[in-house]
Amino acid sequence: MDMDNESISYSAPGKIILFGEHAVVYGYAAIAIAVELRAKCTIVPSLSKNPSILTPDLFPNKSFTINKDTSLPSSLRAIEFVIREMLPSKKRTQYPRIEITSEIPPSAGLGSSAAVAVSLISSLHAFLNINSNLDEINRMAFEAEKIIHGSPSGIDNTISTFGGGIYYENEVKRKILIDDKSCFFVIVNSLIPRNTKDVVEKVKQRRDKNKQEIDQIYEEIQSISTQGEMSLKKGDHERIGTLMSENQNLLEKLGVGHPELTKIIRLVDKHDALGRKLTGAGEGGCIVALFDDYQKTQQAINTLKEKGFQAFITNISSEGVRNETEHV
Ligand code: MEV
């Protein structure tokens with residue numbers, strides 16, 4: 001790499017799952033959309049003897065050194081895995097001083113861990129002068145996701161790497177153009193944190209006990225994702241909304257609802273949302289609601305905020321991972 005101490009910076013987006021969470025873990029289809037909330041990784045080459053990592057959102061004013069004798073706190077396990085994989089111990093003239101920040105609320109179903117992994121891997125590729133290839137970044141981010149989530153579907157790292165909208169089935173994706181000019185996707189955070197790995201494991205146990213019933217739910221979700229792709233292509237907002245609400249009923253049957261999510265659903269329904277559902281693993285986290293009227297959207301957001309929830313219109317991020325390095 002250049003020896004001019006220039007910093008390197010990449011960002012990657014979070015996501016919402018519009019249709020198909022949980023079913024996607026078992027190879028069924030899902031649709032995800034990247035949102036303009038980003039994790040950012042900045043690397044400054046340093047003369048210190050080891051890589052170091054700062055995550056001011058999680059550990060303010062604390063820097064961790066990565067060497068053979070220490071291990072990082074468990075919340076930084078995936079980050080540590082990526083750094084150790086990509087920087088095998090050999091003598092270097094410079095080591096990366098890595099800083100990661102994120103606008104994506106963690107443990108909320110918005111793909112924060114995948115976005116962190118994608119931005120970190122891209123920055124390390126640049127630091128190591130490896131010609132970045134999106135498929136390679138995505139593959140490595142999938143490995144990092146496995147460290148945190150056990151057996152993830154791979155949809156979070158894929159949407160964060162490539163951006164836009166994707167239809168995803170069995171680790172294969174195709175792009176979908178999403179129009180958010182004439183409709184509004186509102187994210188409502190219940191502020192109930194949950195752990196994706198635990199929720200996915202609970203659903204697995206339910207399926208182990210009752211495979212036929214759960215697979216029937218997954219078949220119905222598959223059909224929603226297929227119809228959802230067509231409705232998104234047509235820009236049929238009414239239908240997209242209806243499918244979202246149907247997907248929510250199936251997620252509740254799967255047992256991943258939460259009383260706070262039900263409260264949010266009642267509120268957005270009162271404000272004429274076209275549809276709404278949880279997004280991500282459920283049992284807390286966020287609801288995504290679709291509106292086609294700006295005034296009603298704003299009124300809904302005000303009501304939700306008054307009730308103590310975080311609520312905002314989200315912009316779709318057509319870009320996945322993005323080079324943010326400023327050349328001076
Ligand atoms: C992903 O954000 C949510 C789940 O579908 C898990 C996965 O796909 O790995 C529940």
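1. Quick look at the overall build of the chain
Reasoning step 1: In terms of regular secondary structure, the chain is built from nine helices and 12 strands.
Reasoning step 2: In terms of overall size, the chain behaves like a compact globule, its C-alpha atoms giving a radius of gyration of 20 Å where 328 residues would be expected to give roughly 20 Å.
Reasoning step 3: Across the 328 residues of the chain, 54% fall into the buried class.
Reasoning step 4: Summed over its atoms, the accessible surface of the chain is roughly 14900 Å², and 48% of this surface lies on carbon and sulfur atoms.
Reasoning step 5: Separation between the mean location of the 39 positive side-chain charges and that of the 42 negative ones in the chain comes to 4 Å.

2. What to know about the domain arrangement of the chain
Reasoning step 1: Assigned domains of the chain: these are domain 1 (8-176) and domain 2 (184-314).
Reasoning step 2: Contacts between the two partners involve 30 residues from domain 1 and, on the opposite side, 42 residues from domain 2.
Reasoning step 3: Of the roughly 2900 Å² buried at the junction of domain 1 and domain 2 (both faces included), carbon and sulfur atoms supply 64%.
Reasoning step 4: Of all residues in domain 1, F19, H22 and Y26 give up the largest surface area on contact with domain 2, accounting jointly for 24% of the area buried on that side.
Reasoning step 5: Connecting domain 1 to domain 2 are two salt bridges.
Reasoning step 6: Among the salt bridges present, the one from E21 reaches K277, with a minimum N-O distance of 2.9 Å.
Reasoning step 7: For the side of domain 1 that touches domain 2, the leading source of residues is strand β2 (residues 30-46), giving six residues.
Reasoning step 8: Across the side of domain 1 that touches domain 2, the residue classes tally to 20 nonpolar, six polar and four charged.

3. Focus on helix α5 (residues 196-209)
The α-helix advances 3.6 residues per turn, and as a result positions three or four apart in sequence lie on the same side.
Reasoning step 1: The end-to-end C-alpha distance of α5 is 20 Å, a good match for the 20 Å that 14 residues give at a rise of 1.5 Å each.
Reasoning step 2: Elements that come into contact with the buried residues of α5 comprise α6 (211-234) and α7 (237-254).
Reasoning step 3: The opening residue of α5 is N195, an N-cap whose side-chain oxygen sits 2.9 Å from the backbone nitrogen of K197.

4. Looking at empty space enclosed by the protein
Reasoning step 1: Taken as a whole, this structure holds one cavity of 30 Å³ or more when the rule is applied.
Reasoning step 2: Roughly 60 Å³ of internal volume is contained in the largest cavity.
Reasoning step 3: Every residue lining the largest cavity is listed: L177, I178, D179, C183, F185, L232, G235, H237, I240 and L290.
Reasoning step 4: Among the residues forming the lining of the largest cavity, the class breakdown is seven nonpolar, two polar and one charged.

5. Concerning the layout of surface pockets
Reasoning step 1: The volume enclosed by the largest pocket comes to roughly 1000 Å³.
Reasoning step 2: Lining the largest pocket are 50 residues; nearest its centre among them are S107, S112, S113, I148 and H149.
Reasoning step 3: Broken down by secondary-structure element, the contributors of at least two residues to the lining of the largest pocket are β1 (8-19), α1 (77-86), β5 (95-102), α2 (112-127), α3 (134-149), α4 (155-162) and α5.
Reasoning step 4: Ranked by the residues each element gives to the lining of the largest pocket, the list is headed by α2, at five residues.
Reasoning step 5: By residue class, the composition of the lining of the largest pocket is 22 nonpolar, 19 polar and nine charged.

6. Some words on the pairing of strand β7 (residues 172-176)
Reasoning step 1: Relative to β7, strand β6 (residues 165-169) runs antiparallel, the two being bridged by five bridges. By the bridge assignment for β7, Y168 is matched with K173.
Reasoning step 2: Between β6 and β7, which pair antiparallel in sequence order, lie two residues; one of them, N170, sits at a positive phi of approximately 55°.

7. Quick look at the side chain of S231
Reasoning step 1: With respect to the helices and strands, the residue S231 is situated in helix α6.
Reasoning step 2: Residue contacts for S231: discarding those within four places in its chain leaves D236, R239, I240 and L243.

8. A word on the pairing of β6
Reasoning step 1: For β6, a buried count of four out of five residues is recorded, marking the element as mostly surrounded by other parts of the structure.
Reasoning step 2: Relative to β6, β2 runs antiparallel, the two sharing four bridges. In the sheet register, I33 faces β6, and the bridge partner there is G165.

9. With respect to the environment of F184
Reasoning step 1: Mapped onto the elements of the fold, F184 is located in strand β8 (residues 184-189).
Reasoning step 2: Taking the relative accessible area as the measure of exposure, F184 reaches 16% and is therefore buried.
Reasoning step 3: In this structure, the C-alpha to C-alpha distance between F184 and I313, residues 129 residues apart in sequence, is 6.3 Å.
Reasoning step 4: Setting aside chain neighbours within four positions, we find F184 in contact with A289, L290, F291, D292, D293, Y294, T297 and I313.

10. Here we look at the packing of aromatic side chains
Geometrically, a pair of aromatic rings is defined through the distance of the ring centres and the angle of the planes.
Reasoning step 1: Tallied over the entire structure, the rule returns four aromatic pairs.
Reasoning step 2: With a centroid separation of 5.2 Å and an interplanar angle of 85°, the aromatic rings of F59 and F64 are classed as edge-to-face.
Reasoning step 3: Given a relative accessible area of 21%, F59 falls into the partly exposed group.
Reasoning step 4: Residue class for F64 comes out buried when judged on its relative accessible area of 12%.

Rules and cut-offs
Residues numbered from 1 in each chain as written. Predicted model: local features only at pLDDT ≥ 70, side-chain atom pairs only at ≥ 80, totals over all residues. Heavy atoms only, no water. Helix = DSSP H or I, 4+ residues; strand = E, 2+ residues; numbered from the N terminus. Rg over C-alpha atoms; globule rule 2.2 N^0.38 Å. Buried < 20%, exposed > 50% of the residue type's maximum accessible area, 1.4 Å probe, protein only. Areas by Shrake-Rupley, 256 points an atom, 1.4 Å probe, with all protein chains shown as cover. Lys, Arg positive; Asp, Glu negative; His and termini not counted. Charge placed at Lys NZ, Arg CZ, Asp CG, Glu CD. Domains from an automatic or database assignment. Contact = heavy atoms within 4.5 Å. Buried area = accessible area lost by both parts, 1.4 Å probe. Salt bridge = Lys/Arg side-chain N within 4 Å of Asp/Glu carboxyl O. Nonpolar A, V, L, I, M, F, W, Y, C, P; charged D, E, K, R; others polar. Expected span 1.5 Å × (residues − 1). Polar contact = N/O pair within 3.5 Å; in protein donor to acceptor, adjacent residues only side chain to side chain. 1 Å grid on protein atoms, 1.4 Å probe; cavity = no way out; pocket = protein on both sides within 12 Å on 5 of 7 lines; lining within 4 Å. Points joined across faces, edges and corners; volume = space filled by probe spheres on them. Pairing = 2+ DSSP bridges. Phe/Tyr/Trp six-rings, centres within 6.5 Å; stacked < 30°, edge-to-face > 60°.

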